[in-house]
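# Results of the structural survey
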2 protein chains.
Amino acid sequence: MQSYLDCIPCFVRQTLQAARFVTDDVGIHERVLRDVLRRAAEMDLGASPPVMGRYIHELIRRFTGNDDPYRTVKEHFNGYALKLLPGLRVKVENSPDPLEAAVRLAIAGNVIDFGTASEVNESYVSEAIEQALSATLPGAAVGQLRKAIEQADEILYLADNAGEIVFDRLLIERMPLEKVTVVVKGGPVINDATMTDAEAAGLCELVRVVDNGTAAPGTILEICSGDFRERFQAADLIISKGQGNYETLSDVTAEIFFLLKAKCPVIARDVGCQVGDLVVRRGQDTCTNRGPAQK
Amino acid sequence: MQSYLDCIPCFVRQTLQAARFVTDDVGIHERVLRDVLRRAAEMDLGASPPVMGRYIHELIRRFTGNDDPYRTVKEHFNGYALKLLPGLRVKVENSPDPLEAAVRLAIAGNVIDFGTASEVNESYVSEAIEQALSATLPGAAVGQLRKAIEQADEILYLADNAGEIVFDRLLIERMPLEKVTVVVKGGPVINDATMTDAEAAGLCELVRVVDNGTAAPGTILEICSGDFRERFQAADLIISKGQGNYETLSDVTAEIFFLLKAKCPVIARDVGCQVGDLVVRRGQDTCTNRGPAQK
């Protein structure tokens, strides 16, 4: 997905929010903001939004000298999600359609996103869980995903954020584990999950986990490691979590299912849904859950 | 008032909104936005926000070749306010304190501001009137204003927006008319009132009306005409309407009363009030209506 003019005010707003989240040093806030303004003035709108997101957060890490400024919130939400996990697993197992329930909850976890929101808290996550369990889900796409999981030999599961990755376990546990490879980011960027978070989530004991070789809030294939790109080519099913992965992979030709919560109007327009909708979208198929977000 | 870092995302957002309001040409939206990003990257935060506002809207007029893109909405809101005027005048005359009622309504008219809002409609104005009539007003400042009006020999009334300028009549009509000079902008910028709007509001038959020689959404003294600056020096009472005039004159030493509705958090913080509050502030005095906006 390209960047839109609407993304630009949002980049600028997010830059200031993120700089303030990471440091109280007003001088750094100003330096980061001015640098991003200069960059945004010349940016290629053909590039996806995470290209700019990567730039912004690399800048913040460099100016603050803090290599992983979201470490505390990542740990917090991993811990919080792990506390919820047993109860959520019961919900999945007691559901008439456990796979669908797991998809709903994996998408609910996608609200733990410090890239789009300036603040995420536990009650926000609880509300997202409740909403996800009753929201409209595109039935056809879920059916296709079910079939694809049954038929695939190599499933690549592209994780999104820390905390969220614990919710992903619910879905991963419903797949043939030996066929699954989970992919995390190659370095810290916002609260995106890295290997540390996969370990905290207990995923490393369950399935193969690799990183994509880059610290971008999405999957920018051109700059990912050769190893990751080979896996991406070889997989016969890719499950892509979150907005950043959607933004960077929506134009790629592959058997790919995007699972995310639409958190901004630009994404919602691109997907063909409403802000707040749960999205299950196969490749470039039209989204089928248009209409109100709730049943 | 200086510009704050928080103003920058707002400038960028307003640029895109304003460009879209004025033209459907996406190429122009992009050119204006990129130019403003470049400018914002280098801007002097010591300059007040209307310095950037002036730049943005000058750019939009130049790129679109439209010298007065807000003419239609200015006419619309002049007309709408003129329809309301007789009823509002009755409210003022029947009020136990007509001057205070006129101050409230003049401030209510300040919501007709296309600089801070992307859309203003009639029901929004009606609500502002109702709110203004019952909101908390800083009593001490109103008392000082009353006294200043009684004692002044030369009153300079700095108008803000078209439409709003009709509401200003209610207050101006309560002053000794021969002592009042109303000031409008020297050229079109956003929906700020120019001489055309003062005429439409019927002010030119009532009092002396002059322009300040510039097309900035505020009163940037250094670039105003010599004639205006002489009047500004000579006046023994200045009544300044709206955010833009506050932003550009809040640090000037003069007998000046600011009447405005606080429409953004940066202004509210600078004034010492809440967003939505009616502000009557004498010079650099501390605002006295802290607390909830409504009684």
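Residues numbered from 1 in each chain as written. Chains lettered and ligands numbered in written order. Predicted model: local features only at pLDDT ≥ 70, side-chain atom pairs only at ≥ 80, totals over all residues.

### Considering the overall build of chain A
If you tally the helices and strands in chain A, you get 12 helices and six strands. Along the three orthogonal principal directions, the C-alpha set of chain A runs to about 55 × 40 × 35 Å. A total of 295 residues make up chain A; the buried ones form 48% of that total. At a minimum sequence separation of 6, the contacts of chain A that also span at least 24 residues come to 68%. (Helix = DSSP H or I, 4+ residues; strand = E, 2+ residues; numbered from the N terminus. Buried ≥ 20, exposed ≤ 12 C-beta atoms within 10 Å, placed from the backbone. Contact = placed C-beta atoms within 7 Å.)

### A word on the pairing of strand β1 (residues 155-158) of chain B
All names here are of chain B. Alternating residues of β1 divide into I155 and Y157 and L156 and L158, and every residue in both groups is buried. Sheet topology note: the β1/strand β2 (residues 180-184) ladder contains four bridges and is parallel. Opposite Y157, over in β2, you have V182 as the bridge partner. Between the parallel elements β1 and β2, the chain passes through helix α8 (residues 164-172) in a crossover that is right-handed. Two strands pair when backbone bridges link them, and β1 and strand β4 (residues 237-241) are joined in this way by four bridges, in the parallel orientation. For L156, the partnering residue across the bridge sits in β4 and is I238. (Pairing = 2+ DSSP bridges. Right-handed = clockwise from strand over helix to strand, strands pointing away.)

### Re the interface of chain A and chain B
Interface extent is often summarised as the accessible area lost during association of the parts. Chain A puts 14 residues into the contact, and the matching count from chain B is 14 residues. Among the elements of the structure, α1 (7-22) and α2 (26-42) of chain A are those that each provide at least two residues to the side of chain A that touches chain B. At eight residues, α2(A) tops the list of elements feeding residues into the side of chain A that touches chain B.

### Things to note about the relation of the copies chain A and chain B
With an RMSD of 0.0 Å, the operation that places chain A on chain B is a rotation of 180° combined with a shift of 0.0 Å along the axis. Viewed as a symmetry operation, the transformation between the two copies matches a two-fold axis. An overlap of 100% is found between the interface residues of chain A and their copies at the interface of chain B, pointing to a shared contact surface. (Least-squares fit on C-alpha atoms with pLDDT ≥ 70 in both.)

### Comments concerning the packing of helix α3 (residues 49-64) of chain A against helix α11 (residues 242-249) of chain A
All names here are of chain A. Interaxial distance between α3 and α11 falls to 8 Å at its minimum, and their mutual angle equals 125°. What the angle tells us is that α3 and α11 run oblique. Counted together, P49, P50 and G53 of α3 and G244, E247 and T248 of α11 form the full contact between these two elements. Taken together, the residues of the contact of α3 with α11 sort by class into two nonpolar, three polar and one charged. (Axes fitted to C-alpha atoms, helices over the stretch in contact; angles between N-to-C directions. Parallel < 35°, antiparallel > 145°, perpendicular 65-115°, else oblique. Nonpolar A, V, L, I, M, F, W, Y, C, P; charged D, E, K, R; others polar.)

### Things to note about the domain arrangement of chain A
Residues and elements named next belong to chain A. The domain architecture assigned to chain A consists of domain 1 (7-64) and domain 2 (71-282). Each of domain 1 and domain 2 was reduced to a C-alpha centroid, and the two centroids are 25 Å apart. Between domain 1 and domain 2, the residue contacts involve 10 residues of the former and 13 residues of the latter. If you list the elements that add at least two residues to the side of domain 1 that touches domain 2, you get α1 and α3. When residues of the side of domain 1 that touches domain 2 are assigned to their parent elements, the largest contribution, six residues, is made by α3. (Domains from an automatic or database assignment.)

### What about the nonpolar core?
One finds A:V182 and B:V182 to be the most contacted residues of the largest nonpolar core, which totals 180 residues. Leaving out residues up to four positions away in the same chain, A:V182 has contacts with A:Y157, A:A159, A:I172, A:A198, A:L203, A:V207 and A:V209. (Core = buried A, V, L, I, M, F, W, Y, C linked by C-beta atoms within 7 Å.)

### Quick look at the pairing of strand β3 (residues 208-211) of chain B
Residue and element names in this part refer to chain B. Here β3 shows a buried face lined by V209 and D211 and an unburied face lined by R208 and V210. Here β2 pairs with β3 via four bridges, running parallel. Paired with T181 across the bridge in β3 is R208. The parallel pair β2 and β3, bridged by helix α9 (residues 195-200), forms a crossover whose chirality is right-handed.

### Things to note about the sheet that holds strand β1 (residues 155-158) of chain A
Residues and elements named next belong to chain A. Spatially, the six strands line up as an open sheet ordered β3-β2-β1-β4-β5-β6, and their pairing is mixed. The open sheet has two edge strands with one neighbour each: β3 (208-211) and β6 (278-282). When strand polarity is set aside, the average angle formed by the axes of neighbouring strands in this sheet is 20°. Contacts between helix α7 (residues 139-151) and the sheet are confined to β1, β4 (237-241), β5 (256-261) and β6, with β6 contributing the most and set at about 55° to the helix.

### Describing the sheet that holds β1(B)
Sheet strands pair via backbone hydrogen bonds, and the direction of the pair is either parallel or antiparallel. All names here are of chain B. A sheet is described by the order of its strands in space; here six strands give the open sequence β3-β2-β1-β4-β5-β6, paired in mixed fashion. The open sheet terminates on both sides in strands that have one partner only, identified here as β3 and β6 (278-282). Taken pair by pair, the neighbouring strands of this sheet meet at an average axis angle of 20°, ignoring direction.

### A closer look at α7(A)
Residues and elements named next belong to chain A. The terminal C-alpha atoms of α7, which comprises 13 residues, lie 19 Å apart, in line with the 18 Å expected from a rise of 1.5 Å per residue. Among all positions of α7, only A141, V142 and L145 are buried. Projected down its long axis, α7 carries its buried residues within an arc of 100°, all on one side. Within α7, the exposed residues directed more than 90 degrees away from the buried face are G139, A140, G143, K147, E150 and Q151. (Expected span 1.5 Å × (residues − 1). Arc of directions from axis to C-beta.)

### Description of helix α6 (residues 122-134) of chain A
Residue and element names in this part refer to chain A. Compared with an ideal rise of 1.5 Å per residue, which puts 13 residues at 18 Å, α6 spans 19 Å between its outermost C-alpha atoms and is within 8% of the ideal. Of the positions making up α6, those classed as buried are V125, A128 and A132. Within α6, the buried residues cover an arc of 55° as seen down the axis, which keeps them to one side. The exposed set on the far side of α6, more than 90 degrees from its buried face, consists of S123, E130 and S134. The inward-facing, buried residues of α6 abut α5 (98-108) and β6.

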